[in-house]
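# Chain and residue survey
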Amino acid sequence: MGKRILKVLRAIILIFGCLQLSSTRILLLHDDNAETWVRSFESGLADYDDRNEKSPNLVQVLYRNESDWEQVCQAATNVTVILDFTRKIMDPETQPQKFFATKQIPYFRVDVPFDALLRGVDSLLHLANGSNGFMIFHSDLDVNRGVNVVLGSTLIRYSFLTYPRQKELILEKFEFRVPTGVIIYGTEQQFKDFIQANHHVVRNRTEWIFMYNQFMSSSPPKLNISFPYFRAYFSSETCCTLANPTTDSQRCSASSCDGNPSEIYIRKLAFVLAEALNQVDPDGKKSFRVSCTPPNDPRVGDRGFNAVLMDAINAKSSNKMVTAKQGKISFEFPLKVEDYVNGSVRAVGEYKFETGLQQTPGFVFRDRKRYFRIGIVNFPPWTMKDEKTGEWVGYCIDLANGIANKMNFEYDLVVSEGFGKRMPPNGRWNGLTGDLVHGKIDIAVAAYIMTSEREEFIDFVSPYYEQSGLIITMKRPVVKNSLFKFMTVLRTEVWLSILGATIATGFMLWFLDKFSPYSAQNNPQKYKTFRKFTLKESFWFALTSFTPQGGGEPPKAFSGRTLVAAYWIFVVLMLATFTANLAAFLTVERMQSPIRNLEHLAAQSSVKYSVVNVSTAMTFFKNMANAEEILYQMWRNLTLTAPSSAREYVVWEYPIREMYIHIHSVIQSATPVLNMSEGFSRVLSDDYFAFIHDAAQTKYEVFRNCNLTLIGEPFAEAPYALAVAQGNPLQDDISMAILQLQTERFFETLSARYWTSTCPGLGDGENDGISLESLGGVFIATIIGLGIAFISLAIEVFTTARNRRKAKIAEESMIRPKFIGPMDFYGTSKGVVTIGQKTSNKKPDVLKRTHFLPEVMN
């Protein structure tokens with residue numbers, strides 16, 4: 001009831017104002033932040049009343065948002081000019097501006113010195129390579145005004161703070177952030193009090209900028225500050241021009257300049273506008289009736305009157321400080337910016353709405369690189385701490401260095417607790433996402449998956465790692481190596497059977513060749529040269545038939561050849577069987593993993609599996625299980641409600657396999673692991689446990705630990721990207737830096753650095769060769785054969801030498817001269833002389849002619 005009465009009273013007041021048709025009416029639109037400016041405007045009109053008999057009527061409408069548009073329409077039924085003091089974040093064109101611009105009614109948005117001060121300082125910090133900053137005000141009203149002026153037009157990320165009410169918050173922000181600029185708005189005494197109370201927050205990397213909300217002389221300030229800083233202010237000459245004295249002698253009195261520059265300017269604006277309206281409409285009859293409800297005339301104003309009014313405003317303004325253009329009245333007196341270092345001052349430049357910040361010729365900013373805080377997450381190999389040096393290393397650290405070199409900035413690393421999730425009950429983000437949202441970091445450089453939920457609160461940059469995902473890992477099967485593994489291809493009884501067949505063939509070959517009447521050895525006259533199959537030769541033929549060289553010349557008899565043909569067929573079949581089984585045996589040995597892929601994992605029950613409890617893998621399986629459940633319910637409802645004539649819905653079973661529901665239930669029953677290290681430890685301790693985790697991270701661990709192996713291909717692939725706060729203009733710069741790094745093959749170099757295997761293979765068996773331990777028995781058998789050959793050679797040499805020595809002795813013994821004693825002429829032996837023997841016969845008494853007769857010994 002009270003609201004209705006209030007609306008009725010407000011309508012009566014507006015109607016009463018509309019009845020004064022003979023008076024010029026100014027419609028003033030304002031919001032909650034412009035109440036002091038409205039009072040200043042009223043004060044300016046009062047100044048005009050003091051010097052003139054007639055002043056325009058002022059109608060005020062509080063316009064916060066579009067819900068107040070009806071009141072604006074009611075007040076605009078009979079107006080001469082409309083002034084708009086409202087500000088809306090990220091909306092440079094408000095609904096009143098859009099509407100009245102089409103009606104050609106004099107409508108002006110008012111820019112005040114406060115706007116020039118903030119925009120000029122923002123331009124200053126941008127030219128000084130600023131990236132983030134604190135704007136500290138001394139009232140909540142100024143904070144609200146600053147937010148409305150700066151946001152939407154700046155390239156710098158600001159935190160808007162109130163001192164001293166938020167002193168603890170300010171100190172907290174200084175602890176975890178190093179702003180490139182600290183901008184303080186207030187009086188000179190307020191600057192002194194802040195620095196004296198918080199001198200410990202002053203850092204060399206920070207540009208300090210003091211914005212004066214009072215007129216200052218060009219003489220150096222009395223701040224007694226030892227560190228470099230900038231000063232932005234309006235000079236006292238501006239105050240002299242803006243003041244509205246009654247006489248020229250009072251033009252620059254202290255009382256005239258005592259106040260906020262914006263408030264003094266608005267008083268001047270009211271005075272100038274009243275003078276201009278009195279000039280162009282002295283009778284006060286120029287007004288325009290506007291209807292906001294259809295049908296309405298799109299053009300109820302007068303373009304000529306608009307031009308005349310703007311010319312009159314510009315003419316009445318002293319030194320062109322109040323400048324009227326199409327749809328805007330702005331403050332065009334320059335904002336002075338100065339740089340103070342160790343007591344010396346340098347003129348930086350001047351700022352105007354039309355020209356921006358114009359630097360003084362020869363001025364050079366201090367050589368300071370831009371500074372950012374980069375958020376990281378401990379997530380090997382992307383980011384990890386070196387155990388020896390304690391420094392952070394990894395793929396993302398190298399990437400941060402590469403981007404910093406391309407964009408020429410300095411940075412500090414801020415470690416976040418995880419990638420972040422929304423916490424109940426208010427859905428506030430924590431972790432890396434929360435640090436970006438709350439301004440703790442400027443850039444997130446991590447293995448950050450692009451999701452729609454995160455995209456609502458932060459801005460992602462172009463992906464730097466195109467596709468990652470999830471993959472399964474298990475313990476590498478332990479292969480029992482044996483030097484004689486090739487012997488295990490056939491069973492023992494098969495080897496014994498082959499040996500028996502070889503021996504039997506040797507005996508039969510000897511028997512047939514010996515007793516066959518058609519054999520070569522039984523028909524030597526028929527064959528000039530032939531192979532005699534002795535027992536030794538027969539066994540040699542049977543054994544060498546297993547080699548590609550073959551057994552050599554076969555028997556001549558038909559019976560022997562028949563035996564050899566049958567034996568050769570046996571040899572060919574056994575060699576083919578052995579070769580095929582050896583290849584299959586080695587192939588199966590390298591494929592001993594009980595799991596092939598995710599589908600196989602879900603279909604079996606012998607291998608348990610799990611994921612990290614709070615991870616992307618857990619979220620993936622949970623969401624997929626929910627999706628399968630929803631699809632099943634939709635299919636169930638569709639089939640149950642379908643008419644009997646709908647043959648296309650008649651199926652015998654659910655057409656979609658519910659794989660993820662089963663996987664999610666098994667993961668829950670197996671108790672998810674707490675972290676990645678626990679998952680890999682569990683894999684190494686259990687041959688029948690599989691761990692599902694991030695593909696890139698898992699490959700890095702597998703390449704470092706040869707006891708792990710990868711199963712199947714990655715699935716649930718998603719790109720990794722960097723991120724910045726929403727609306728941060730760094731997004732384009734970082735994307736360009738990433739593109740430059742891609743052209744330099746920077747990412748290929750990083751991939752080769754962190755994903756290079758030192759194991760015999762990649763873990764999938766495709767590149768694993770046959771080891772020496774598996775076929776070492778072949779070489780041992782060859783070495784044994786060589787040893788036997790050398791031993792045989794030694795035996796042969798020794799035997800041959802001994803036989804030759806025996807033969808020589810025997811030959812010498814067969815022809816040996818034997819001397820018998822001397823004989824007389826009649827053949828009577830008188831003595832015996834034997835070669836190599838002593839004789840003990842007596843010397844004969846009578847020595848006669850002696851004859852030596854050789855004796856041939858048998």
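The notes below deal with the structure included here.

Reading the values: the criteria
- Just so you know, the residues in each chain are numbered from 1, in the order the chain's sequence is written.
- Note on the predicted model: pLDDT of at least 70 is required for a residue's local features to be given, and 80 or more for side-chain atom pairs to be given and counted; whole-chain, interface and lining totals, by contrast, use all residues.
- Each side-chain value is derived from all of the structure's non-hydrogen atoms; neither hydrogens nor water enter the calculation.
- The helix count covers DSSP runs of H or I at least four residues long, the strand count covers runs of E at least two residues long, and both are numbered beginning at the N terminus.
- Residue contacts follow a heavy-atom distance rule, with two residues in contact if any of their heavy atoms lie within 4.5 Å.
- In this description, accessible areas are obtained by the Shrake-Rupley approach with a 1.4 Å probe, and a residue is regarded as covered only by the protein chains that are shown.
- Two strands qualify as a pair provided that DSSP identifies no fewer than 2 bridges between them.
- In this text, buried Ala, Val, Leu, Ile, Met, Phe, Trp, Tyr and Cys residues form a nonpolar core when linked through side-chain atoms within 4.5 Å.
- Burial here depends on accessible area, computed with a 1.4 Å probe over protein chains only, as a share of the maximum for the residue type. Under 20% is buried, over 50% is exposed, and the range in between is partly exposed.
- The directions from the helix axis to the C-beta atoms are what the arc is built from.
- Here the term patch refers to residues with relative accessible area over 30% and no salt bridge, with like charges joined within 9 Å and nonpolar side chains (Val, Leu, Ile, Met, Phe, Trp, Tyr) within 5 Å.
- Counted as salt bridges are all cases of a side-chain nitrogen of Lys or Arg within 4 Å of a carboxyl oxygen of Asp or Glu.
- Convention adopted: a line fitted to C-alpha atoms gives each axis, helices being fitted over their contacting stretch, and angles between N-to-C directions are expressed from 0 to 180 degrees.
- Any angle from 65 to 115 degrees is called roughly perpendicular, while one under 35 is roughly parallel, one over 145 is roughly antiparallel, and all others are oblique.
- Note on convention: near helix rotated counterclockwise from far helix by under a right angle means a left-handed crossing. Clockwise means right-handed.
- Gly falls in the polar group here, along with every residue not listed as nonpolar (Ala, Val, Leu, Ile, Met, Phe, Trp, Tyr, Cys, Pro) or charged (Asp, Glu, Lys, Arg).
- Every crossover in which the path from the first strand over the helix to the second runs clockwise, viewed with the strands pointing away from the viewer, is termed right-handed.
- Contacts described as polar in this section are N or O atom pairs within 3.5 Å, which, within protein, must combine one atom able to donate a hydrogen with one able to accept it, while residues neighboring in sequence count only if both atoms come from side chains.
- Aromatic rings from Phe, Tyr and Trp, with only the six-membered ring used for Trp, were paired whenever their centres fell within 6.5 Å, and each pair was classed as stacked if the ring planes differed by under 30 degrees, edge-to-face if by over 60, and tilted otherwise.
- Definition used: whenever NZ (Lys) or CZ (Arg) falls within 6 Å of the ring centre and also within 35 degrees of the ring normal, the charge is taken to sit over that ring.
- Multiplying one less than the number of residues by 1.5 Å gives the expected span of a helix.

With that out of the way, let us pick up the overall build of the chain. Tallying secondary structure elements over the chain gives 26 helices and 25 strands in all. Pairs at least 24 apart in sequence give 70% of the contacts found in the chain among residues at least 6 apart. Of the roughly 46800 Å² of accessible surface on the chain, a fraction of 56% belongs to carbon and sulfur atoms.

Sheet topology places strand β10 (residues 322–325) next to strand β11 (residues 328–331); four bridges connect them, and they run antiparallel. Pairing of K325 across the sheet is with K328, part of β11. As consecutive antiparallel partners, β10 and β11 are separated by two residues, and within that stretch G327 has a phi angle of approximately 80 degrees, a positive value.

A cis amide bond, omega 0 degrees, links P380 with the succeeding residue P381. By secondary structure assignment, the location of P381 is in the loop between β15 (370–376) and β16 (384–385). Unlike most non-glycine residues, N408 shows phi in positive territory, near 60 degrees. Locating N408 in the fold gives a position in the loop between α13 (395–407) and β18 (409–415). Although it is not a glycine, R745 sits at a positive phi angle of roughly 60 degrees. Inspection of the secondary structure assignment puts R745 in the loop between α24 (730–743) and α25 (746–754).

In this section: the nonpolar core. With 87 residues, the main nonpolar core has F41, L83 and F85 as its most contacted residues. Broken down by element, the residue count for this core peaks at 11 residues, all from helix α11 (residues 261–280). Excluding anything up to four places from it in sequence, F85 contacts L28, L29, H30, D31, A34, W37, F41, V110, V112, I266 and L269. Listed in part, the 65 residues of the second largest apolar core include F419, Y448, F689 and A737.

Among all positions of helix α8 (residues 188–197), only E188, F191, F194 and I195 are buried. Looking straight down α8, one finds its buried side chains confined to an arc of 125 degrees; they lie on one side. Contacts from the buried residues of α8 go to β5 (132–137), β7 (181–186) and β8 (207–212).

Moving on, we get to the environment of N705. Topologically, N705 is positioned in the loop between α23 (695–704) and β25 (708–725). Classification of N705 as buried rests on a relative accessible area of 17%. Taking the C-alpha atoms as reference points, N705 and T758, 53 residues apart in sequence, are found 8.7 Å from one another. The contact partners of N705, leaving out residues within four places of it in the chain, are L684 and C759.

With that out of the way, let us pick up a nonpolar patch on the surface. Together, L496, L499, I503, F507 and L535 make up an exposed nonpolar region whose accessible area comes to about 450 Å². Take the nonpolar patch: its biggest share by element is four residues, from helix α16 (residues 492–515). Within the fold, L496 resides in helix α16. Assessed through its relative accessible area of 55%, L496 is described here as exposed.

A pair of packed helices is characterised by two quantities: the angle between their axes and the separation of those axes. Interaxial distance between α13 and α25 falls to 10 Å at its minimum, and their mutual angle equals 155 degrees. With respect to α25, the axis of α13 lies roughly antiparallel. Relative to α25, the crossing made by α13 is right-handed. Here Y395, D398, L399 and G402 of α13 lie close against α25, whose contacting residues are F746, F747, L750, S751, R753 and Y754. A breakdown of the residues in the contact of α13 with α25 according to their chemical character gives six nonpolar, two polar and two charged.

It is worth spelling out the pairing of strand β6 (residues 157–162) at this point. Summarising burial for β6: six of the six residues are buried, a large majority. By the alternation rule, side chains of β6 split into R157, S159 and L161 and Y158, F160 and T162, which are all buried. Sheet topology note: the β5/β6 ladder contains six bridges and is parallel. Bridging from a neighbouring strand, F137 pairs with T162 of β6. Note on the crossover from β5 through helix α6 (residues 140–150) to β6: the handedness is right-handed.

Looking now at the sheet that holds β10. Reading across from one edge, β2-β1-β3-β4-β11-β10 is the order of the six strands in this open sheet, with mixed pairing throughout. Whereas interior strands pair on both sides, the edge strands pair on one side only; in this sheet they are β2 (57–62) and β10. Here the average twist between neighbouring strands, direction ignored, is 25 degrees. Where strand β4 (residues 107–110) and β11 come together, two bridges link them in parallel fashion. Within the sheet, the bridge partner assigned to V110 lies in β11 and is I329. Where helix α4 (residues 95–103) meets the sheet, its contacts fall on β1 (25–30), β3 (81–84) and β4, and the angle it forms with β4 comes to roughly 150 degrees. Here α11 sits on the sheet in contact with β1, β3, β4, β10 and β11, set at roughly 135 degrees to β11.

Our next topic: the side chain of Q697. Checked against the element boundaries, Q697 lands in helix α23. For Q697, a relative accessible area of 2% gives the class buried. In terms of polar contacts, Q697 uses its side chain to reach the side chain of H693, at 2.8 Å. Q697 has contacts with F379, P380, P381 and M676, leaving out every residue within four places of it along the chain.

Turning our eyes to something else, we now look at the packing of helix α20 (residues 616–641) against helix α21 (residues 659–669). Axis separation between α20 and α21 bottoms out at 8 Å; the angle between their running directions is 135 degrees. Between α20 and α21, the crossing angle belongs to the class labelled oblique. Considering how the two elements wind past one another, α20 and α21 form a crossing that is left-handed. Contacts from M618, F620, F621, K622, M624, A625, E628 and E629 in α20 reach M659, Y660, I661, I663, H664, I667 and Q668 in α21. Across the contact of α20 with α21, the residue classes break down as 10 nonpolar, two polar and three charged.

What follows concerns the packing of aromatic side chains. Counted under the stated rule, the structure contains 50 aromatic pairs. Here the aromatic rings of F137 and Y185 are separated by 5.8 Å at their centres, their planes lie at 55 degrees, and the arrangement is tilted. With a gap of 48 residues between them, F137 in strand β5 and Y185 in strand β7 connect regions that are remote in the sequence. Residues F137 and Y185 agree in their burial class; the two are buried. On the numbers, 6.4 Å between centres and 55 degrees between planes, the contact of Y395 with Y754 is tilted. Here the residue Y395 occupies a position in helix α13, and Y754 occupies one in helix α25, the gap between them amounting to 359 residues. Across the pair, exposure class does not vary: Y395 and Y754 are buried alike. Site record: aromatic cluster; members linked through ring pairs are W382, Y395, Y464, Y465, Y720, Y754 and W755. R231 extends its terminal NZ or CZ atom over the ring of Y233, reaching a point 4.0 Å from the ring centre. Directly above the aromatic system of F515 lies the positively charged group of K514, at a separation of 6.0 Å from the ring centroid.

For an α-helix, 3.6 residues make a turn, and residues three or four places apart therefore share a direction. Taking 1.5 Å of rise per residue, 13 residues should cover 18 Å, and α13 covers 18 Å from first to last C-alpha, within 8% of that figure. With 10 of 13 residues buried, α13 is to be regarded as a mostly interior element. Looking only at α13, the buried set comprises Y395, C396, I397, D398, L399, A400, G402, I403, A404 and M407. Two residues or fewer after α13 comes N408, characterised by a positive phi angle close to 60 degrees.

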